[in-house]
Each structure stands twice: as C-alpha cells, then as structure tokens.
Amino acid sequence: MTIQGELDSTTLRTVVVSLALIIASACASGADLTVREGSVSGAAGDGAVRCYSAPGDDPRPVVVLLHGASGFTPFARHYESHAEVLVAHGLRVCAVLYYSAEDATVIADRNRADRAGLFQRRFMDWLVTIRRAIDHLASLPPASQAPSACWVSRKVPILRSPL
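Okay, so let's go over this structure. Bear in mind the structure is a predicted one, so any value in this text is a computation, not a measurement. (Residues numbered from 1 in each chain as written. Predicted model: local features only at pLDDT ≥ 70, side-chain atom pairs only at ≥ 80, totals over all residues. Heavy atoms only, no water.)

It is the rolling of a water-molecule-sized probe over the atoms that shows where space remains empty. Considering all chains together, one arrives at 1 cavity of 30 Å³ or more under this definition. By volume, the largest cavity amounts to about 60 Å³. Lining the largest cavity are Ala44, Gly45, Asp46, Gly47, Tyr98, Tyr99, Ser100, Arg122, Asp125, Trp126 and Thr129. When residues of the lining of the largest cavity are traced back to their parent elements, those giving at least two are β2 (45-53) and α4 (112-139). No other element matches the 4 residues that α4 contributes to the lining of the largest cavity. (1 Å grid on protein atoms, 1.4 Å probe; cavity = no way out; pocket = protein on both sides within 12 Å on 5 of 7 lines; lining within 4 Å. Points joined across faces, edges and corners; volume = space filled by probe spheres on them. Helix = DSSP H or I, 4+ residues; strand = E, 2+ residues; numbered from the N terminus.)

Among the secondary structure elements, Asp103 is positioned in helix α3 (residues 101-109). In contact with Asp103, other than residues within four places in its own chain, are Tyr98, Leu118, Arg122 and Trp126. (Contact = heavy atoms within 4.5 Å.)

The subject of this paragraph is the packing of aromatic side chains. Using the criterion set out here, one finds 5 aromatic pairs in the structure. Ring geometry for Phe119 against Trp126: centres 5.2 Å apart, planes inclined by 85°, an arrangement best described as edge-to-face. The exposure class assigned to Phe119 is partly exposed, which follows from its relative accessible area of 25%. When its relative accessible area of 2% is taken as the criterion, Trp126 is described as buried. (Phe/Tyr/Trp six-rings, centres within 6.5 Å; stacked < 30°, edge-to-face > 60°. Buried < 20%, exposed > 50% of the residue type's maximum accessible area, 1.4 Å probe, protein only.)

It is worth spelling out the pattern of salt bridges at this point. When the charged atoms of two side chains with opposite charge come close together, those side chains can pair. Under the criterion given, the structure shown has 5 salt bridges. In this structure, the salt-bridge partner of Arg50 is Glu80, at a minimum N-O distance of 3.9 Å. Of this pair, Arg50 sits in strand β2 while Glu80 sits in helix α2 (residues 76-88), and the two are 30 residues apart along the sequence. Among the residues examined, Arg50 registers a relative accessible area of 18% and is labelled buried. (Salt bridge = Lys/Arg side-chain N within 4 Å of Asp/Glu carboxyl O.)

Okay, here's the thing in structure tokens:
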C-alpha cells in the first residue's frame with residue numbers, strides 16, 4: 001500500500017498519538033479506578049471537578065483534563081478511557097467540567113448563533129473556573145509534582161507539561 005502525497009505534521013501527530021493511546025488503552029484495560037467528585041467556585045457559579053485515580057492515597061502527579069467544545073457528557077466514555085490509561089501509568093487525572101447545566105443545554109442544541117453567543121459571553125468565565133480548579137488541585141497534598149495540563153478532544157489528544 002502506498003500513500004500518495006505527503007502527510008502534514010498535524011495529521012502525522014494525530015496518527016501517532018492515536019496509535020499510542022490505542023496501544024496504551026489495550027495495556028491498561030481493567031485498571032481499577034477511584035472516582036471522586038468535587039466543585040470549585042467559578043466566575044459565574046460552580047464548576048465540577050471529577051478526579052480519577054488508582055485506589056489508595058499514594059502521592060501522584062496530577063493531570064488536568066479539559067473537555068472540548070462539545071462538553072464532557074457526550075463523550076464521557078472517551079474521556080474516562082483516557083483517564084484510565086493515564087491512571088494506569090501512575091497519574092491522578094482530574095477533569096474540570098466547566099460548562100454549567102445551562103451552557104450544556106445551549107451546546108447540545110447545536111444552534112450555531114446561540115453557541116457563538118455563549119462562547120463570546122462565557123469563555124473568560126470558563127477560564128476563571130479552570131484556573132481556580134488548577135490552583136485548588138495544586139494546593140492539595142499529596143502532590144508529588146506540579147499539575148500538568150491535558151487537553152483531550154475526541155479527535156486529537158495534546159499533552160502539555162508542566163504548566
């Protein structure tokens with residue numbers, strides 16, 4: 001099989017990272033997860049924080065997982081599978097669910113004008129909620145390293161570390 005043309009760097013990165021996650025998922029399947037839920041006050045209300053870790057309270061580096069534009073709920077199974085892989089590698093994963101119930105309703109409606117207006121009005125509020133969640137997580141013992149940021153979309157996972 002031959003590939004015609006050249007792959008751009010984004011496509012190549014997507015393929016490599018996707019394959020790595022598929023392989024890691026196969027290796028990590030069946031990992032025990034402990035899920036803890038909390039909240040953090042944001043600029044326009046509270047945001048939920050859902051933390052995944054292995055059983056026990058061992059010190060672990062924290063990875064902050066941020067959902068994409070469609071929110072967490074529609075792709076919860078995918079985000080949780082990413083969390084399972086990272087937990088299997090000794091990390092604690094905390095997803096910041098910064099959309100309010102009202103935000104999620106507008107996002108689910110798929111009306112482009114309403115969505116654009118929501119992003120225009122709420123983007124800075126979401127950033128405040130995310131920042132407060134990161135600050136809170138960084139202050140909690142035990143943390144063996146500063147939090148890392150992890151944005152995972154259902155298409156292209158991108159890892160950045162440290163903050």
